[in-house]
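Breakdown of the fold
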Amino acid sequence: MSSVAVYIVRRIINMIITLLFLIAIVFTLIHLLAPSPYALARIWVGARATPQALQAVIKAYGLDKPLYVQFINYIVDVFTGNFGIDTMFKKPVLAVIKVYLPYTLQLVLTGTIIALIIGVFTGAIAGAKKDTATDYTIRIIYLVTWSMPPFLVAILLQLLIAYDLGLLPATGVVNPIYTPPKPITGWPLLDAALEHDWPYFTSMLRHLILPATSLALVSFGLITRLMRNTMIDVMNRDYIRTAVMKGLPNRSVIYKHAMRNALIPIITIAVLAFATSIAGAVVIEDIFQYHGMGWFTTQALFNLDYPTILGFTFIVGISIMVANLVADLLYAVVDPRIRLE
Amino acid sequence: MSIAVLENPRLTLKVLLRNPASAFGLIIITLFIVWSIIEGSLQVVGTLTRHPSLGWVLLPYNPLAVNLMASNEPPSIHHLLGTNAEGQDILSRILYAAPIDASVSIVTVFSAIAIGGVLGMIAGYYGGWIDEVIGRVTDAFLSIPGLILLLALTILIGSGYFQSMIALIIVWWPIYARLSRAQTLEIKSRYFIDSARLSGLGDFLILIKHVFPNMIDPVLAYATLDFGNVILTYATLGFLGIGIKPPTPEWGEMVSAGLEELPGYWWTAIFPGLVITIVALSFALVGDGLQDILVGRINY
């Protein structure tokens, strides 16, 4: 096998071990809090279930079996995507997540892309003009947005742009007067584009801008700071000095020579920004009444819907592990000097 | 040149105060902590002696008293930051809630340092399978964004002041484990550890006497920044309605209550949000300042 294949296999084995630990932690917590089969059954079907229903769940889930059997069952369940039945919709958790997750992903991906664009440019400028007024201004701005709670950013945007200026809708996913397009890919925005349903597409895009910008404002500081630091590093290299001495204009040195090289570490931090945005989406979807997985999580929380929250937690954990692997591979592709170990 | 923060508190303070940004942060943090101690003690004594009014002796208004005649009043001389829908004075509520956020962040960060520091030092010092196990558990926790993990924990252990504190500690220790493991690995390879071992010192004493003092400075610099992160996260829990039991005011919960008064009565949501921002920003500024001192980015 090539070294890349070996590396990928080893990382995937590592990921599975980490996931097993995560399952063990959640399993232990659940069993510490619910030591009896009845208490366990209440976790899976809700506190208001009848004794008969609880009995049925104990039978169906094998909650009266020895602990190690339950543990193995739980591992099999997580790996096969069986997270139980959602107590609100009475549907499998995975089916519910499949409905809401695409909305959140299109929001979070848009937010991360906006954050990357803002972060890379502000960071490059700040780094290239280190210790000038521009540098200080950019640093103050990102420190402030970074220190803002995500909900405050969202509320301010909603107040100014939606309520005061009336430029964009304040709440919702799409204007309810439009009928949704037939699902082709399961991604609503993409489906609308594929079916040339432009009114629906535009309406959805307009509803996406404010929450996505809120997410971007919260997380771009991460990217700006890293970009600034690597840019300072790169600007001190010999090939930059050569470029300056060749008489290249400043703009060309900064954007063509320095920025391209400073971009490499950004790949890793993009995953972190993505992870931050998924967490931020919980609050931001609540404020904008954007009905995605984040909004649904808050609903599940109020209804003590254990299976959905735990299922969502596992799915987020697995996706971030995969994203990290992809980032590390990309890193090696972009910068061939880096060896995968 | 870098300095050891803990060994030179006076010099560290001097350097921090010379920079306007970290000086601003330091002043706000001092005010926040001193006020939280005074107000917190009054509240505790008030609860213990069954005179809860002691809790608002120093405040302009009773933060809990509902006065529907004064509902949603804009900021004025009487109510500097306005009143909320129940006619409660927002400034009084913000000041009344300060000790809650302060205590949560301090308890969380120090517990996280204690748990994560010990596990990280053990993992880094002994290596082998101990390191593998601790490392995997740390990875498992860190693979999930803090807030999502917090929601999962909240649904398992319930919501409220102490429950949130426990959940925050569970979420917060892994990063310190990773940080102190990396520090320990670096320190382990130095000669003074070898000589300590040769002189017959046991592992436990080496960890306490030689590894710990050398790894704690970067951990504390990160922790300073982290107090702000905990406050932000706790405020988010409050915003989602799971940080503390009503009617006790909490900054995040105040923003969430104010959300229903938007867009008309903006001050009900914006002012508590700004206070969270200012406090979190102050911790970030001082944390950045400490970091600069530690890596020697500052001349003095």
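Placed above this text is the structure.
Since this is a predicted model, take the numbers as computed values, not measurements. (Residues numbered from 1 in each chain as written. Chains lettered and ligands numbered in written order. Predicted model: local features only at pLDDT ≥ 70, side-chain atom pairs only at ≥ 80, totals over all residues. Heavy atoms only, no water.)

Quick notes on the environment of Val211 of chain B
Residue and element names in this part refer to chain B. Within the secondary structure, Val211 sits in helix α8 (residues 203-239). For Val211, a relative accessible area of 1% translates into the label buried. C-alpha separation for the pair Val211 and Glu186, spaced 25 residues apart in sequence, amounts to 9.7 Å. Apart from residues lying up to four places away in sequence, Val211 is in contact with Met121, Tyr125, Thr184, Ile187, Ile193 and Ile206. (Helix = DSSP H or I, 4+ residues; strand = E, 2+ residues; numbered from the N terminus. Buried < 20%, exposed > 50% of the residue type's maximum accessible area, 1.4 Å probe, protein only. Contact = heavy atoms within 4.5 Å.)

Let's talk about the interface of chain B and chain A
Between chain B and chain A, the contact holds 41 residues from the first and 47 residues from the second. Contact with chain A buries area across many residues of chain B, yet Arg136, Ile155 and Leu156 of chain B alone supply 19% of it, more than any other trio. In this assembly, chain B and chain A are joined by 1 salt bridge. Salt-bridge contacts for Arg225 of chain A lead to Asp288 of chain B; the nearest nitrogen and oxygen are separated by 3.7 Å. On the surface where chain B and chain A come into contact, there are 3 residue pairs in polar contact (both at pLDDT 80 or more). Broken down by secondary-structure element, the contributors of at least two residues to the side of chain B that touches chain A are α4 (128-142), α5 (146-157), α8, α9 (251-259) and α10 (267-295) of chain B. For the side of chain B that touches chain A, the leading source of residues is α10 of chain B, giving 11 residues. (Buried area = accessible area lost by both parts, 1.4 Å probe. Salt bridge = Lys/Arg side-chain N within 4 Å of Asp/Glu carboxyl O. Polar contact = N/O pair within 3.5 Å; in protein donor to acceptor, adjacent residues only side chain to side chain.)

Observations regarding the side chain of Thr138 of chain B
All names here are of chain B. The residue Thr138 is located in helix α4 in this model. A relative accessible area of 4% means that Thr138 is categorised as buried. Among residues more than four places away in sequence, those in contact with Thr138 are Trp173, Pro174, Ala177 and Arg178.

Points about the side chain of Asp89 of chain B
Residues and elements named next belong to chain B. Locating Asp89 in the fold gives a position in the loop between α2 (20-48) and α3 (90-126). Here Asp89 occupies a buried position and makes no salt bridge, while the nearest side chain of opposite charge, Arg93, is found at 9.2 Å. Polar side-chain contacts of Asp89 include one of 2.6 Å to the side chain of Ser92. When near neighbours in sequence (up to four residues on either side) are disregarded, Asp89 contacts Pro60, Tyr61, His79, Gly82 and Thr83. (Lys, Arg positive; Asp, Glu negative; His and termini not counted.)

What about the environment of Leu116 of chain A?
Following the sequence through the fold, Leu116 of chain A ends up in helix α5 (residues 93-128). The residues touching Leu116 of chain A, leaving out its near neighbours within four places in the chain, are Ile223, Ile266 and Ala270 of chain A.

Topic: empty space enclosed by the protein
Taken as a whole and judged by the stated rule, the model has 3 cavities of 30 Å³ or more. Roughly 110 Å³ of internal volume is contained in the largest cavity. The wall of the largest cavity is formed by Leu143, Trp146, Ser147 and Arg225 of chain A together with Leu225, Gly228, Asn229, Leu232, Ala280, Ala284 and Asp288 of chain B. Elements with a contribution of two residues or more to the lining of the largest cavity: α6 (133-147) of chain A together with α8 and α10 of chain B. Of the residues belonging to the lining of the largest cavity, the class tally is 6 nonpolar, 3 polar and 2 charged. For the second largest cavity, the full set of lining residues is Leu22, Ile25, Val26, Leu29 and Leu310 of chain A together with Phe141, Leu149, Ala152, Leu153 and Leu156 of chain B. Secondary-structure elements contributing two or more residues to the lining of the second largest cavity are α1 (3-33) of chain A together with α5 of chain B. (1 Å grid on protein atoms, 1.4 Å probe; cavity = no way out; pocket = protein on both sides within 12 Å on 5 of 7 lines; lining within 4 Å. Points joined across faces, edges and corners; volume = space filled by probe spheres on them. Nonpolar A, V, L, I, M, F, W, Y, C, P; charged D, E, K, R; others polar.)

Quick look at the nonpolar core
Of all hydrophobic cores here, the largest spans 159 residues; its most connected members are Ile30, Tyr74 and Phe314 of chain A together with Trp251 of chain B. It is α8 of chain B that contributes the most residues to this core, 16 residues altogether. Among residues more than four places away in sequence, those in contact with Ile30 of chain A are Leu40, Ile43, Trp44, Tyr74 and Leu310 of chain A together with Leu156 of chain B. Core analysis: the next-biggest nonpolar cluster, separate from the first, contains 27 residues, Val253 and Ala273 of chain A together with Leu281 and Leu285 of chain B among them. (Core = buried A, V, L, I, M, F, W, Y, C linked by side-chain atoms within 4.5 Å.)

Considerations on the environment of His196 of chain A
Residues and elements named next belong to chain A. Relative to the helices and strands, His196 resides in the loop between α8 (188-194) and α9 (198-235). Relative accessible area serves as the criterion here: at 58%, His196 is assigned to the exposed category. Placed 15 residues apart in sequence, His196 and Pro181 show a C-alpha to C-alpha distance of 9.4 Å.

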